[in-house]
Amino acid sequence: MATIDIRRSHKMSLKVAKAAVERVVKGIAKEHSITHEWSGNQVNFDRSGVKGHIAVAKNEVHVRVELGFLMGAFKSAIEREINSQLDKYVP
């Protein structure tokens, strides 16, 4: 099982950071049929072969994604997409 682990610092308020992460998740979810749900300051998401979360803290966003065997082959592309979305919404 492949794992993606990304930490991104930010200087936004928690509320603004959560809104930014929501835009990231919605963009990825729409494109890749991923379901997601918030639990406090963490959004959990999954679909066949992909499971993970994005935790929003005062000064950091932490993305952790576990990829199943078949999805592991796309780890680099998935990681690039996540970083691209973070670059766009979490400066």
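Anyway, here's the lowdown on the structure attached to this text. (Residues numbered from 1 in each chain as written. Predicted model: local features only at pLDDT ≥ 70, side-chain atom pairs only at ≥ 80, totals over all residues. Heavy atoms only, no water.)

Here's the deal with helix α2 (residues 75-89)
Okay, step 1: Taking 1.5 Å of rise per residue, the 15 residues of α2 would be expected to cover 21 Å, and the 21 Å separating its terminal C-alpha atoms lies within 8% of that figure.
Okay, step 2: Among the residues of α2, I78, I82, Q85 and L86 are the ones counted as buried. Take α2 and look down its axis: the buried residues cluster within an arc of 100°, on one side only. More than 90 degrees from the buried face of α2, the exposed residues found are R80, D87 and K88. (Helix = DSSP H or I, 4+ residues; strand = E, 2+ residues; numbered from the N terminus. Expected span 1.5 Å × (residues − 1). Buried < 20%, exposed > 50% of the residue type's maximum accessible area, 1.4 Å probe, protein only. Arc of directions from axis to C-beta.)

Details of the pairing of strand β2 (residues 35-39)
Okay, step 1: Pairing geometry for β2 and strand β3 (residues 42-47), over five bridges, is antiparallel. Within the sheet, the bridge partner assigned to S39 lies in β3 and is Q42.
Okay, step 2: Linking two consecutive strands that pair antiparallel, namely β2 and β3, is a turn of two residues; a positive phi of about 65° is found at G40 within it. (Pairing = 2+ DSSP bridges.)

Topic: the packing of aromatic side chains
Okay, step 1: Taken as a whole, this structure holds zero aromatic pairs when the rule is applied.
Okay, step 2: Between the NZ or CZ atom of K18 and the centre of the ring of W38, over which it lies, the distance is 5.2 Å. (Phe/Tyr/Trp six-rings, centres within 6.5 Å; stacked < 30°, edge-to-face > 60°. Lys NZ or Arg CZ within 6 Å of the ring centre and 35° of its normal.)

With respect to the layout of surface pockets
Okay, step 1: Considering only enclosed or pocket space, the largest pocket measures out at about 310 Å³ in volume.
Okay, step 2: Lining the largest pocket we find 18 residues, and of these I28, H32, I34, I78 and I82 sit closest to its centre.
Okay, step 3: Of all the secondary structure elements, the ones that give two or more residues to the lining of the largest pocket are α1 (14-32), β3, β4 (50-56), β5 (60-67) and α2.
Okay, step 4: Counting residues per element, the lining of the largest pocket draws most heavily on α1, which supplies five residues.
Okay, step 5: When the residues that make up the lining of the largest pocket are grouped by side-chain class, the tally is 14 nonpolar, one polar and three charged. (1 Å grid on protein atoms, 1.4 Å probe; cavity = no way out; pocket = protein on both sides within 12 Å on 5 of 7 lines; lining within 4 Å. Points joined across faces, edges and corners; volume = space filled by probe spheres on them. Nonpolar A, V, L, I, M, F, W, Y, C, P; charged D, E, K, R; others polar.)

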